[in-house]
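# Chains, contacts and geometry: an overview
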Amino acid sequence: MIRMHDIAFSYGKRSLFTHLDLEITKGSIHGLLGMNGAGKTTLLKLISGQLFAQHGTSTTLGFDPTKRNVEMLRQIFYLPEEFPLPRMHGEEYLKLNIPFYPLFDKQAFNEYREAFDIDLKMNLNELSLGQKKKFLLSFGLASKTPLMILDEPTNGLDIPSKSQFRRIVASAMTEDRTFIISTHQVRDMENLIDPIIILHNGQVVFNSTLEHVCNTFTFTLERTEQSSSSIVFQEKVPGGYMAVAFREDGEEETSVDLESLFNAVVTKPAAFSQFVAKSAIGGAQ
Amino acid sequence: MRLLHLLNKEIHESRKAFGTYGITIFLVLFVINLVGAIVAKATGSINVENYYGMFPGFLMLGGAIMTSIFFSDDMFSKKGQHAWLMTPASSLEKFLSKAVINAFVYPIALILLFTAASAFTELIALAITGDKFIMFNPFNGSVWTLVLHFLVVQSIFLLGGTYFRSVHFIKTILAVGSLSILFAIFVALVSRIVFAPYFTGFFTPNFDSITVNFQAFESNMRIFSIIGKIFYWALIAPFCWYVSYLRVKEVQSTDAVQ
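Residues numbered from 1 in each chain as written. Chains lettered and ligands numbered in written order. Predicted model: local features only at pLDDT ≥ 70, side-chain atom pairs only at ≥ 80, totals over all residues. Heavy atoms only, no water.

This next bit is on the layout of surface pockets. Taken as a whole, the largest pocket holds about 1300 Å³ of empty space. Lining the largest pocket are 45 residues, with P86(A), E13(B), S14(B), D73(B) and D74(B) sitting closest to its centre. At the level of secondary structure, the elements contributing two or more residues to the lining of the largest pocket comprise β5 (76–79), α3 (90–97) and α5 (129–142) of chain A together with α1 (2–13), α2 (15–43), α3 (51–70), α4 (72–76) and α5 (81–86) of chain B. Taken as a whole, the second largest pocket encloses approximately 700 Å³ of empty space. The wall of the second largest pocket is formed by 30 residues, among which T41(A), K45(A), E81(A), D151(A) and K78(B) lie closest to the centre. Contributions of two or more residues to the lining of the second largest pocket are made by β2 (14–24) and α1 (40–48) of chain A together with α5 of chain B. For the lining of the second largest pocket, the element with the highest residue contribution is α1(A), accounting for 4 residues. The residue inventory of the lining of the second largest pocket, partitioned by class, reads 9 nonpolar, 12 polar and 9 charged. (1 Å grid on protein atoms, 1.4 Å probe; cavity = no way out; pocket = protein on both sides within 12 Å on 5 of 7 lines; lining within 4 Å. Points joined across faces, edges and corners; volume = space filled by probe spheres on them. Helix = DSSP H or I, 4+ residues; strand = E, 2+ residues; numbered from the N terminus. Nonpolar A, V, L, I, M, F, W, Y, C, P; charged D, E, K, R; others polar.)

This paragraph deals with the interface of chain A and chain B. At the junction of the two partners, chain A supplies 24 residues and chain B supplies 27 residues. Regarding the contact of chain A and chain B, the summed buried area is about 2300 Å², with carbon and sulfur atoms giving 63% of it. The largest contributions to the chain A side of the interface with chain B come from Q50(A), R68(A) and F100(A), which together make up 29% of the buried area. Our count for the contact surface shared by chain A and chain B stands at 1 salt bridge. Salt-bridge contacts for R15(B) lead to E92(A); the nearest nitrogen and oxygen are separated by 3.1 Å. The tally of links from chain A across to chain B stands at 9 residue pairs in polar contact (both at pLDDT 80 or more). Of all the elements in the fold, those that place two or more residues in the side of chain A that touches chain B are β1 (2–11), α1, α2 (70–73), β5 and α3 of chain A. (Contact = heavy atoms within 4.5 Å. Buried area = accessible area lost by both parts, 1.4 Å probe. Salt bridge = Lys/Arg side-chain N within 4 Å of Asp/Glu carboxyl O. Polar contact = N/O pair within 3.5 Å; in protein donor to acceptor, adjacent residues only side chain to side chain.)

This is the structure in structure tokens:
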């Protein structure tokens with residue numbers, strides 16, 4: 001679905017990506033993680049054709065994203081982190097924008113909108129950031145586009161809306177759809193995103209399914225600091241030390257702690273080099 | 001069909017700005033012409049209606065400013081750019097939907113507005129002063145000649161509006177002014193070199209060496225006139241439109257500055 005090879009991109013003299021490779025297959029909710037300034041939004045903009053790489057090749061849904069082909073654009077819905085909505089009612093917005101998305105499902109939109117408690121009679125530019133996000137997310141999910149790109153979707157959402165978000169996105173997921181969700185708030189995305197892509201120092205340093213991670217590592221909360229040779233990474237957390245260790249034969253599987261996984265990967269990327277392999281990503285092409 | 005949807009979207013999203021501008025023009029025409037009619041009646045002077053005097057200003061200046069800023073939010077604003085770039089339509093359709101509104105919808109809407117405003121104002125003036133009824137004639141040949149000139153001038157501001165990331169109108173004026181000055185200097189220097197035998201000093205013509213062949217002069221001037229007309233009517237607008245389209249096609253998130 002998305003292939004990027006040897007991508008280089010810089011803002012002026014500040015180089016952001018060098019020799020970046022990425023492959024995303026369809027049918028999953030991919031989590032794109034990275035620290036502030038790691039280039040998550042830039043990567044999403046390169047994927048969607050809003051930015052052009054200075055070097056390398058990339059295809060999105062089989063198209064060259066820099067051409068911004070209509071067929072490609074009508075298969076992508078991109079929810080940015082911050083955005084204005086025009087001064088008009090929700091109904092007017094729908095009337096003006098639905099014609100661009102031939103698969104739009106009005107009934108599904110109403111279900112999402114009701115779940116998010118959005119009033120179509122309100123002026124869109126008077127909604128709060130969270131309400132705007134919920135409105136646009138409902139629109140995007142109902143547009144049935146094969147590729148949904150959500151950039152920090154939970155920023156601005158209140159606590160109940162975050163769980164609603166997880167529930168609704170999970171319910172909207174089909175095997176023909178692919179979600180790429182960028183976030184630095186991994187707790188908001190737990191039990192939703194899989195595979196995980198981690199961007200660090202201008203590279204994709206991790207790209208793997210959680211199943212693969214579970215098979216290889218254990219995540220345990222220990223009372224004291226561990227000194228075992230199998231420990232890959234450990235950090236002090238409330239209640240002790242969260243330890244990431246190589247899973248030994250016969251050892252029980254543990255659930256993945258995304259925050260610890262992320263910290264482990266960005267601290268010791270070399271230990272996770274096997275998880276950058278393209279073959280590690282699950283799903284159909 | 002998609003172009004029509006885009007046109008509809010553009011007009012719908014800008015309707016408040018268009019409405020405010022239209023009402024302003026209407027009120028300006030109404031107040032100036034009605035006050036003029038009343039004052040003329042009271043002082044016994046001749047009432048001169050101002051519709052034809054004001055139309056070029058609103059068409060040229062208003063149209064140039066509108067064209068300059070019409071791409072601004074969608075091409076160069078960090079907030080507005082995203083939705084525009086991701087709208088499922090081609091770059092050509094996105095460009096045309098805005099360019100057509102500025103180049104064709106605007107002058108036609110302005111002519112209709114002037115016609116309606118003048119008819120309304122003249123009716124009121126007729127009722128108050130009993131003065132003769134002279135309204136703006138949309139079929140006047142000079143109006144449409146002006147619209148043709150507008151298409152050329154507008155194309156330059158279209159290029160400025162898509163090329164410059166901010167302060168589009170002023171930068172376009174400055175760029176055109178600078179280019180004109182550079183061109184004038186270039187022509188002067190070329191003339192000085194080519195016609196060196198006819199000058200003394202730096203730029204003082206040596207009249208003793210000049211013999212004028214009026215027939216050849218007239219013929220040359222005709223050729224220059226034809227070249228000038230072709231350049232003005234056939235080349236400027238297509239060139240500006242094409243380069244503007246390329247700029248729209250190549251715009252990226254990094255171009256957003258506001």
